[in-house]
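# Understanding the architecture of this molecule
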Amino acid sequence: MFSIVMLYVWMFHNVAIRSEEKLEEMAMRDNLTGLYNRHFLLGTLDNMSIGASKERWLALLDIDDFKNVNDTYGHNCGDYILHRVAEIAQEVCSGCIICRWGGEEFIILSSVNDSTGLVESLRQRISDEEFSYDTTTLHITVTIGVASYDEEMTNDGWISKADERLYSGKNKVVT
């Protein structure tokens, strides 16, 4: 009898641990894109060690005229575009942390030295992609603002600096 009780306790314990791990994963991921989410990114930025690479940078990617995609082709098409942009970002920026920041914005965090080259490759790849949804083929462009790490800046200031750089145009990388 004691061994059966212990078996049930062990099984319950394992189920509880797996459930907790799954909930934690769900809390850190964007359901639509599968990317990390804002909550994960803010925790990552807060936990970055002082001795970590000072060469790190972040880029804020915004899909140009995304509202028009949703308004013209519907939200399912918009969701498809978000999902495909996320996949392309993961392919091109494979060594980076990529998060869905919100809406049609993504943040890329990295310590790869050539930030401009990497995000320009990403911008160009998205621009060259033919996004096919139902019977429609769309060409999407993105604008990417890049900000290098600065010890004097807060994380909010760092993200704001990248965000400010988005407003100087469309379909380009701004450093």
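Here the structure is shown first, and the text comes after it.
To start, this report covers the structure provided alongside it.

Cut-offs and rules
- Residues numbered from 1 in each chain as written.
- Predicted model: local features only at pLDDT ≥ 70, side-chain atom pairs only at ≥ 80, totals over all residues.
- Heavy atoms only, no water.
- Axes fitted to C-alpha atoms, helices over the stretch in contact; angles between N-to-C directions.
- Helix = DSSP H or I, 4+ residues; strand = E, 2+ residues; numbered from the N terminus.
- Parallel < 35°, antiparallel > 145°, perpendicular 65-115°, else oblique.
- Left-handed = near helix turned anticlockwise from the far one by under 90°.
- Contact = heavy atoms within 4.5 Å.
- Salt bridge = Lys/Arg side-chain N within 4 Å of Asp/Glu carboxyl O.
- Buried < 20%, exposed > 50% of the residue type's maximum accessible area, 1.4 Å probe, protein only.
- Core = buried A, V, L, I, M, F, W, Y, C linked by side-chain atoms within 4.5 Å.
- Pairing = 2+ DSSP bridges.

## Remarks on the packing of helix 4 (residues 75-92) against helix 5 (residues 115-128)
For the pair helix 4 and helix 5, the least separation of the axes is 10 Å and the interaxial angle reads 140°. If you check the angle between helix 4 and helix 5, you find them oblique. The handedness of the crossing between helix 4 and helix 5 comes out as right-handed. Contact residues: Val85, Ile88, Ala89, Glu91 and Val92 in helix 4; Leu118, Ser121, Leu122, Arg125 and Ile126 in helix 5.

## Comments concerning the pattern of salt bridges
When the charged atoms of two side chains lie near each other, side chains of opposite charge can form a pair. Inspection of every chain in the model, using the stated rule, returns six salt bridges. Note that Arg100 is salt-bridged to Asp30, the shortest N-O span being 3.2 Å. Of this pair, Arg100 sits in strand 3 (residues 97-102) while Asp30 sits in the loop between helix 1 (2-28) and strand 1 (36-37), and the two are 70 residues apart along the sequence. Neither Arg100 nor Asp30 differs from the other in exposure class; each is buried. A salt bridge links Arg125 to Glu91; the nearest nitrogen and oxygen atoms lie 2.8 Å apart. Remark: Glu91 occurs in helix 4 and Arg125 occurs in helix 5; sequence separation between them is 34 residues. Judged by its relative accessible area of 45%, Glu91 falls in the partly exposed class. Among the charged side chains, a salt-bridge network with shared partners connects Arg84, Glu87 and Glu129.

## So, the nonpolar core
Core analysis: the biggest nonpolar cluster contains 30 residues, and Leu61, Ile63, Ile81, Leu122, Ile126 and Ile144 have the highest contact counts within it. Residue assignment for this core shows that the elements contributing at least two residues are strand 2 (57-63), helix 3 (66-73), helix 4, strand 4 (105-110), helix 5 and strand 7 (142-148). Counting residues per element, this core draws most heavily on helix 4, which supplies seven residues. When residues no more than four places from it in sequence are discounted, the contact partners of Ile144 are Ala59, Leu60, Leu61, Val119, Leu122, Arg123, Leu166, Lys172, Val173 and Val174.

## Points about the pairing of strand 2
Of all seven residues that make up strand 2, seven are buried, and the element is covered over most of its length. Side chains Trp57, Ala59, Leu61 and Ile63 of strand 2 all project onto a buried face; the interleaved residues Leu58, Leu60 and Asp62 project onto the opposite face, where all are buried too. With six bridges joining them, strand 2 and strand 4 adopt antiparallel strand pairing. Considered in strand 4, the bridge of Ala59 is made with Ile108.

## A look at the sheet that holds strand 1
To summarise the sheet geometry, strands pair through backbone hydrogen bonds and adopt either a parallel or an antiparallel arrangement. The six strands lie next to each other as 1-3-4-2-7-8, forming an open sheet whose pairing is mixed. What marks the edges here is a single partner per strand, and that holds for strand 1 and strand 8 (173-174). In terms of strand pairing, strand 7 meets strand 8 through two bridges, oriented parallel. When the bridges of strand 8 are listed, Ile144 appears paired with Val173. Relative to strand 7, helix 5 is tilted by about 170°, and along the sheet it contacts strand 2, strand 4, strand 7 and strand 8.

By themselves, these are just geometric observations and shouldn't be taken as functional.
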